[in-house]
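These are the residues of each chain, in order.
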Amino acid sequence: MYPSAIQNYEAPDSVDGAMAAIAKFGDDAHFIAGGQSLMQAIKSRIIQPETLVDLQNVDELRSLEMAQGVTIGAMVRYRDIAANAGLDGRLGALRDAASHVGDRQVRSRGTIGGSLCWNFVSACMPTVTLALDPRLTLGSEARGRREVGIRDFLGEPMETDRQEDELLISIFFPEAAGRHGSAYGKWSLLTDGLPVIGVCAAVSLDDDNKCTSARVSVGGLETGPVRFKRAEEELLGAGFDDLKSHEGAISAAAEEAEIFDDITGDAEFRRQLIRSVGLKSIVKAFERAAAAGADQ
Amino acid sequence: MKRDVTITINGVEYSGNIPIRMLLVDFIRDVAGLTGTHVGCTFEGQCGACTIHLNGEAVKSCLLLAVQCHGKEITTVEGLAREGALHVLQEEFHRHHALQCGYCTSGMLMNAAEFITERPDADDEEIRHALVGNICRCTGYTNIIKAISAAAKRNASV
Amino acid sequence: MTGHTGTGIGASLPRLEDLPLLLGKGKYFADLKRPGQLHVFFFRSIHAHAKIKSIDTRQAEELPGVVAVVTGEMIKDELLPLPQPSVTADLPGRKPTFWPLAVNKVIFHGEPVVAVVAEDPYVAEDALELIDVDYEPLPYVGDMEAALDPASPIVHEGWDSNQIFHIDFHSDRSESEHKDYVKRVAELIETAPHVIKQRYRVHRCGVTPMEPRGVLAEWDDTDGLMVWITSQRPHVDRYVFADVMSLPVSKVRVVAPVDQGGGFGVKAAIYREPMLITYLARKLGRPVRWLETREENLMTVGQERDQIHDLELAADENGKIIAARDMGMADAGDGCAGMYWGYNMPLVGAARFPNAFDIPFCEVQMRVAVTNKAVLSPARGLGIYPTRFALDRAIDMMARKIGMEPSDLRRKNLITELPAKLSTGITYDSGDFRKTYDRLIELADLPAFRKEQEAARKEGRYIGFGIGVGAEPSGVHSRRYIVNTGTPAYAATDVRIDHRGGVTVYYGDAPHGQSHKTVIAQIVSTELGVPPEHVTVIHGDTQSTPYSTGTVAARGASLVMSSVAVACRDLRKKMIRVFAHDHKADPDYSDYEFADGQVRHKRSDNLRSGFAELAYRIIVNSIDLPPGETGSLEQKAVFENDFGMVAFSAHGAFVEVCAKTGRVKILKYITSDDAGTVLNPQILVGQIEGGVIQGISNFLFEEYVYDENGQQLSSSLANYKIASAADVPAIDVYHDAGTYCPNTPLGARAMGEGCIGAVPGALGNAISDALQPFGVEIVETPVTPAKILRMIRG
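Residues numbered from 1 in each chain as written. Chains lettered and ligands numbered in written order. Predicted model: local features only at pLDDT ≥ 70, side-chain atom pairs only at ≥ 80, totals over all residues.

A. Inspection of the overall build of chain B at higher detail. Counting secondary structure elements, chain B contains 5 helices and 5 strands. When the helices and strands of chain B are listed from N to C terminus, the series reads β-β-α-β-β-β-α-α-α-α. Here the C-alpha radius of gyration of chain B, 16 Å, is about what a compact globule of 158 residues would show, namely 15 Å. By its C-alpha atoms, chain B is 45 × 30 × 25 Å across when sized along the principal axes. Here chain B holds 158 residues, and 67% of them are scored as buried. Pairs at least 24 apart in sequence give 60% of the contacts found in chain B among residues at least 6 apart. (Helix = DSSP H or I, 4+ residues; strand = E, 2+ residues; numbered from the N terminus. Rg over C-alpha atoms; globule rule 2.2 N^0.38 Å. Buried ≥ 20, exposed ≤ 12 C-beta atoms within 10 Å, placed from the backbone. Contact = placed C-beta atoms within 7 Å.)

B. Structural view of the overall build of chain C. Assigned secondary structure in chain C consists of 21 helices and 28 strands. Against the 2.2 N^0.38 benchmark of 28 Å for 794 residues, chain C shows a C-alpha radius of gyration of 27 Å, consistent with a compact globule. Dimensions of chain C, computed from the C-alpha atoms along their principal axes, are close to 85 × 75 × 55 Å. Expressed as a percentage of its 794 residues, the buried residues of chain C come to 62%.

C. How the structure looks around the interface of chain C and chain B. The interface of chain C with chain B comprises 45 residues on the first partner and 44 residues on the second. Secondary structure elements with two or more residues in the side of chain C that touches chain B: α1 (18-22), α9 (294-300) and α19 (681-700) of chain C. Top contributing element to the side of chain C that touches chain B by residue count: α19(C), with 7 residues. Per-class residue counts for the side of chain C that touches chain B are 21 nonpolar, 15 polar and 9 charged. (Nonpolar A, V, L, I, M, F, W, Y, C, P; charged D, E, K, R; others polar.)

D. Geometry of the sheet that holds strand β20 (residues 503-507) of chain C. Residue and element names in this part refer to chain C. Spatially, the 4 strands line up as an open sheet ordered β21-β20-β19-β25, and their pairing is mixed. Each edge of the sheet is formed by a strand with only one pairing partner; in this case those strands are β21 (535-539) and β25 (634-639). Ignoring strand direction, the axes of neighbouring strands in this sheet form an average angle of 20 degrees. Examined bridge by bridge, strand β19 (residues 491-497) and β25 share 6 bridges and lie antiparallel to one another. (Pairing = 2+ DSSP bridges. Axes fitted to C-alpha atoms, helices over the stretch in contact; angles between N-to-C directions.)

E. View of the domain arrangement of chain C. Residues and elements named next belong to chain C. Segmentation of chain C into domains returns domain 1 (32-138 + 210-262 + 266-300), domain 2 (304-478 + 642-793) and domain 3 (490-639). Here the C-alpha centre of domain 3 lies 40 Å away from the C-alpha centre of domain 1. Facing 18 residues of domain 1, the contacting portion of domain 3 comprises 14 residues. Every element with two or more residues in the side of domain 1 that touches domain 3 is listed here: α7 (234-244) and β11 (252-255). With 4 residues, α7 is the single largest residue contributor to the side of domain 1 that touches domain 3. Partitioning the side of domain 1 that touches domain 3 into residue classes produces 8 nonpolar, 6 polar and 4 charged. (Domains from an automatic or database assignment.)

F. Quick look at helix α13 (residues 433-444) of chain C. Residue and element names in this part refer to chain C. With 12 residues, α13 should cover 16 Å at 1.5 Å per step; its first-to-last C-alpha distance of 17 Å lies within 8% of that length. Within α13, the full set of buried residues consists of Phe 433, Thr 436, Tyr 437, Arg 439, Leu 440 and Ala 444. Seen from one end, α13 has its buried residues packed into an arc of 150 degrees, which puts them on one side. Positive backbone phi, approximately 45 degrees, marks Asp 445, located one or two places after α13. (Expected span 1.5 Å × (residues − 1). Arc of directions from axis to C-beta.)

G. Fine view of the sheet that holds strand β12 (residues 226-227) of chain A. Spatial ordering of the open sheet is given by β9-β10-β11-β12 (chain A), a layout of 4 strands whose pairing is antiparallel. Only two strands of the sheet have a single neighbouring strand rather than two, namely β9 (179-187) and β12 of chain A.

H. Representation of the environment of Arg282(C) within the structure. All names here are of chain C. Mapped onto the elements, Arg 282 comes out in helix α8 (residues 272-284). Along the backbone, Arg 282 and Gly 224 are 58 residues apart, and their C-alpha atoms lie at a distance of 8.7 Å. If we ignore the near neighbours within four places in the chain, the residues touching Arg 282 are Trp 219, Leu 225 and Met 245.

I. Molecular detail of the interface of chain C and chain A. Taken together, the contact between chain C and chain A spans 17 residues of the former and 14 residues of the latter. Put simply, the parts of the chain that give the side of chain C that touches chain A at least two residues each are α4 (121-128) and α21 (785-793) of chain C. Considering each element in turn, the side of chain C that touches chain A owes the most residues, 4 residues, to α4(C).

J. Here's a closer look at the environment of Gly26(A). All names here are of chain A. Counting through the fold element by element, Gly 26 comes out in the loop between α1 (15-25) and β2 (29-32). By C-beta crowding, Gly 26 is classed as exposed, having 11 other C-beta atoms within 10 Å. Taking the C-alpha atoms as reference points, Gly 26 and Lys 229, 203 residues apart in sequence, are found 40 Å from one another.

K. Looking closely at unusual backbone geometry. The omega torsion across Leu82(C) and Pro83(C) is 0 degrees, close enough to zero to call that bond cis. Inspection of the secondary structure assignment puts Pro83(C) in the loop between α3 (72-75) and β4 (105-106). Put simply, Leu418(C) and Pro419(C) share a cis peptide bond, and its omega is 5 degrees. By the element assignment, Pro419(C) lies in the loop between α12 (406-412) and β16 (420-421). The residue Asn55(B) is not glycine, and still its phi comes out positive at about 50 degrees. Tracing the backbone through its elements, the reader meets Asn55(B) in the loop between β3 (51-54) and β4 (57-60).

L. Spotlight on the environment of Ala30(C). For Ala30(C), the location among the structural elements is in the loop between α1 and β1 (38-44). Ala30(C) sits in the buried class, given 20 other C-beta atoms within 10 Å. For the pair formed by Ala30(C) and Leu101(C), sequence separation is 71 residues and the distance between their alpha carbons is 23 Å. Beyond its immediate chain neighbours, meaning those up to four positions away, Ala30(C) contacts Val39(B), Gly214(C) and Leu291(C).

M. Layout of the domain arrangement of chain B. All names here are of chain B. Domains assigned within chain B are domain 1 (2-79) and domain 2 (88-157). Relative placement of domain 1 and domain 2: their C-alpha centres are 22 Å apart. Classifying every residue of the side of domain 1 that touches domain 2 by side-chain character gives 6 nonpolar, 8 polar and 1 charged.

N. The arrangement of the packing of helix α11 (residues 384-402) of chain C against helix α20 (residues 759-770) of chain C in detail. Residue and element names in this part refer to chain C. Look at α11 against α20: their axes get within 8 Å of each other, and the N-to-C directions meet at 35 degrees. Where α11 crosses over α20, the handedness of that crossing is right-handed. Contact residues: Tyr 385, Arg 388, Phe 389, Asp 392, Arg 393 and Asp 396 in α11; Pro 760, Gly 761, Gly 764, Asn 765 and Ser 768 in α20. Classifying every residue of the contact of α11 with α20 by side-chain character gives 3 nonpolar, 4 polar and 4 charged. (Left-handed = near helix turned anticlockwise from the far one by under 90°.)

O. Quick peek at helix α15 (residues 478-485) of chain C. Residue and element names in this part refer to chain C. The complete set of buried residues in α15 reads Tyr 481, Asn 484 and Thr 485. For α15, the arc enclosing every buried residue in end-on projection is 70 degrees, short of the 170-degree limit, so these residues lie on one face. Elements in contact with the buried residues of α15: α10 (344-351).

This is the structure in structure tokens:
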């Protein structure tokens, strides 16, 4: 209900300041980004931070740049992503997800960086980024900045490669020549709820509208988001409108995935959701990739 | 453990030397004494009754600490009516019987107040989608949708 | 029925309650503060069933800001437990003895074990982390059927079984008559050409109000106990507090705040926490406040439904029902709630089992078990949701078996002669069920839908239509209510006119969203000819209002509003008598009308007075009155009916079920309701829309979940899933095929309680209809996509 006592609160206005603050207060300090998940944990006292380092005043973390690729600051909110028309085609999945996380109020506070660092088991952003394959920049006062790929960043649910004194600074999607499209869809019992299943697809097409690369990630499993390599392999060479191949690819992958029963649904239900949600995401990703071609 | 915090609420500055852990909603209700902002859940931030505007955007005041809003301007339901004139949403909620017990109403109004300026042309389905973060247990939502739709149209035509 | 365009009865007058609520100036419980108030947090059991070996509170007591830490052992000799006479129903059931804090053992996950009192609520919560309780886990009793097995572990110490209640409804049949009756039922079922035999189950869910519970109590050595409490029954609370604290009733004042954030039954029962708060206020001599968290709310109150029905339904070749046997079972949780004891709900559900149907021979029994769960407590549609589901589903299954259109079979079996008495003893006063039902059928345009359905199926789309009906209570009557709850049913209001012609209405219930202020003002406006703005309504304060059982059981439009009308009519007569006397006119009541702030003779233009002037004349200038008259214009009226009044509804749901994801989409939902005289159409429609959405949310989304050890897994709104606006459809409400209620002075029927009743049948039937190509019949709730896919798979 109420947070446990908090000893210190810092609200630095620069990345260096943020790194310095977290270094100064050590182990029991937490960064707070949008706070839409962290405050739940603090109020239920699952997390009892001694120090909070609030990132809301760090403007650098709020920037979204589209030059030589797309760089999204860790504090860019769902709301900003959802409203950014430039994030289409190749990064369309980001907007698909950001427009349906939580609710309007949550989207006005919640951030992409916060979500990735929290890495909640079925959250949308880890699933989406796993398929979009960005590189993340982290920084600490002691060791300076470093880059890490998303696959190495995301660990088990609720765990990441971020060290306790490290700040996630930005998420970088390199420029890519060619025709690409991505899409994300999810299923939850209530509208815009945490997904029971979420599927992200990112595909590339050649000039003949045949798939040259595909990445498919699935969230909602107890392992956290996973890449469906089988689906990715089966999609290679598939035509952009070859519904049968798309369906076959996701079905085959769903069939062999390791899925368990839990309170939100049995394994067979989840498999079925992966098939239906996954197919929609794949079809949409192909459509976007094909449309990207039409523009050129 | 304590901080001096000043927050401007509905144009009035409120200050207090408060514990860092004090939730913004408690600052609004207990320090500023503005009890129109309600609390309907425990830690989960699901009910939306505490929705206010921070920098003009609808957010849940139970998921923020008061210290995070030091020096900022917020608006609560008490600030919706201006100079004695009801906000168009307040009028339409009244006209359409969009409230029964009234407990969720403040949050509904604050969320919708931002939404209708952002999306004056929203259809019913989009309005319903915009209200995902606000639970109403009495009305079944139908009249709330009607009221927001009517207010959006009036607002757009001004 | 309707058509009034002014401000009186029948007008959609915008609500008088609204303005402060829209401005954020409502006065809810949490907005109250008393100087020096202390805050209570409860340390609750983490086990469903365990012996308390020891409790260590030393560290908590030492925390700065903590004023007191109390345990069950410490209070059990200072405060009487429940049951007490104030909340003791006269039913053939057991009433477990319980204190506000666990003594010896805990019996559900979430039971209060220790209470911390502190200067600050944040500190009170800090102290909870410093309490250490050592438990010895006991076997969890969590399945109602297994709990009734003689071999089951026992929930309540000293009991020989877990059966808390059993009833075999006799109506007015003697023991031997009943024996013959039951035999006849058995014969009919055995020999009937068509029988549906099926187990139906409705899960644990309820109607969680947005405002949680709260209690603030203050002790004064002279005045006694003052309590502010979120409550639907302040007068009953007053009697309870007097009972458990051994105080004269006159030393207890209870106030339910002017504004309450919903109740839906949840705030009608007598729970553990308020008793402790009142005790602490006296013990500590300071105001003590407890504001429930949502987590506590979801873990302890509002858990309803949770019934199993083994039903046999028999019909002849033509689809006429000839007999039914319903063996019901319910899970009362621990049964520890005053007035309801965990079995009032299933009792009422079973008693009303026959619904709107003419079942010539109908045997109904209900067995209720205690388990290690939170007590089953009231929620809108009290008890009936599961029984409506069972019978309405069985009727559709019967129709399919016979090869009839379900809506025809349902119509054929509706009760056509009223008043009627059911085999369980329940009575219905009046109405025309078929008329209201036929309006729904007309609105639904079934032939067109069946064509659409056939075409859709060819495209692999599964749409369906289903009907549910409800013959639900419009108010209750004392003969039944005293037995069921230990309180009378009558409504008492006190209407007082002041010397300027203002009218204040006092009544002892505690509305919480029902719009009573507005409707009372409309009635006074119509009866006394004053504008609604001149009417003030005072409720919820036991000091100023007459005793009344509370805002429950659809008592508003049926009983409360009737008593207001009766009081106004008595006042009218007195005013006419004095006026006629002053003007030496004939005091024939029917010659006078009260309108536009005037009292006037209908045929003599010069015989008129301002309402306010006449009020002044009688209240202040109270000399030279007619012989036998006294001054004052204050009238208390008590209204009750000695016969069960009924409000009938028929609901039609159109759904589409996605065969890929199992998702149910409600395409359209129509209701046809008999509300009698509609007092305020907008408010009536609002009540029905709200009730229906609650019913839908219960059916598809909400569920209180206990794991195999009795751990509650639904203690936050993230897990107890309540429908948002995006999850539900608009509801089309029609009330143009109703019938005047001859037993209320205004002809009105009350819909607030029962409007949810027809929902589970309508949805269950619609989904089953949609899934006929897969042969699916829905027989248990909640109906989740995962379950639907399982059923489709077969």
